[in-house]
Amino acid sequence: RATGRLEWVFSIGSLSLVLLSLPGVARAAAGPIQRWMPGRVVIPEGGVAALVEVWSIQLAGYLVLGLGCFYLARGVGITQAGITTPVVAGLCFAGLAGIAAFFVPAGIGVREAALVWYLAPVIGPAPAALLAVAARVWISVGEASLVAAGMFALHQSGASEVKAR
């Protein structure tokens, strides 16, 4: 089965990323990675406790994003019962597919195709495609809003620093 093989590839890739995020492994990998990068790779100090904290926050973020996508599905009329877990898992799967396609800016097209592929057997191809496009727009608008808010905050803090001088 192609689906089973793809799930194995993503599982192995995810496990590899977890292992690479361990401080000792990251420091050992920094040498070979440094040869490919023009800048210097700096691995911050921190132990496994910091790693657990970061992974916990990331997990919470993905769960909130996935639940938001579930409510987006409800908002666009996708009302099948029992789709919460597939939608949350599908959005995470699509995000990993977008990251794995490092040659495509922001995973454009890859994330949507992965989400459609993942959800089509559960909710049907047309609703899956609708949700994939709606999720891309929803996430992009959210990211752009946060960038604008951050730039506004930086501008305001810069303006107050200039006045203080």
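Fair warning: this is a prediction, and the values are worked out from it, not measured in the lab.

1. Notes on the packing of aromatic side chains
And step 1. Per the counting criterion, the structure on display carries 3 aromatic pairs.
And step 2. Between Phe 70 and Tyr 71 the ring centres are 5.1 Å apart and the planes differ by 70°, which places this aromatic pair in the edge-to-face class.
And step 3. Since its relative accessible area comes to 8%, Phe 70 is described here as buried.
And step 4. A relative accessible area of 57% places Tyr 71 in the exposed class.
And step 5. Ring-pair connections join several aromatic residues into one group, and the members of that group are Phe 93, Trp 117 and Tyr 118.

2. Observations concerning helix 5 (residues 110–123)
And step 1. Look at helix 5: 19 Å from first C-alpha to last across 14 residues, which is about the 20 Å you get at 1.5 Å a residue.
And step 2. Approximately 30° is the largest bend angle found in helix 5, and it occurs at Trp 117, with the proline Pro 121 only one to four residues beyond.
And step 3. Burial in helix 5 covers these residues: Arg 111, Glu 112, Ala 114, Leu 115, Leu 119 and Ile 123.

3. Focus on the pattern of salt bridges
And step 1. Counted according to the given criterion, the structure contains 1 salt bridge.
And step 2. Taking the shortest distance from any N to any O, the salt bridge between Arg 136 and Glu 112 comes out at 2.3 Å. Taken together, the positions of Arg 136 in helix 6 (residues 125–164) and Glu 112 in helix 5 put the pair 24 residues apart, joining distant regions of the chain. Just as Arg 136 is buried, Glu 112 falls in that class too.

4. Quick notes on the nonpolar core
And step 1. Ranked by internal contacts, the top residues of the largest apolar core, which has 21 residues, are Val 87, Leu 115, Leu 119 and Leu 131.
And step 2. Looking at this core, the elements with two or more residues in it are helix 3 (48–75), helix 4 (84–100), helix 5 and helix 6.
And step 3. It is helix 6 that contributes the most residues to this core, 6 residues altogether.
And step 4. Dropping the residues within four chain positions of it, Leu 131 is found in contact with Cys 69, Leu 72, Ala 73, Ile 78, Val 87, Leu 115 and Leu 119.

Cut-offs applied
Residues numbered from 1 in each chain as written. Predicted model: local features only at pLDDT ≥ 70, side-chain atom pairs only at ≥ 80, totals over all residues. Heavy atoms only, no water. Phe/Tyr/Trp six-rings, centres within 6.5 Å; stacked < 30°, edge-to-face > 60°. Buried < 20%, exposed > 50% of the residue type's maximum accessible area, 1.4 Å probe, protein only. Helix = DSSP H or I, 4+ residues; strand = E, 2+ residues; numbered from the N terminus. Expected span 1.5 Å × (residues − 1). Bend = angle between axes of the 7 residues up to and from the residue. Salt bridge = Lys/Arg side-chain N within 4 Å of Asp/Glu carboxyl O. Core = buried A, V, L, I, M, F, W, Y, C linked by side-chain atoms within 4.5 Å. Contact = heavy atoms within 4.5 Å.

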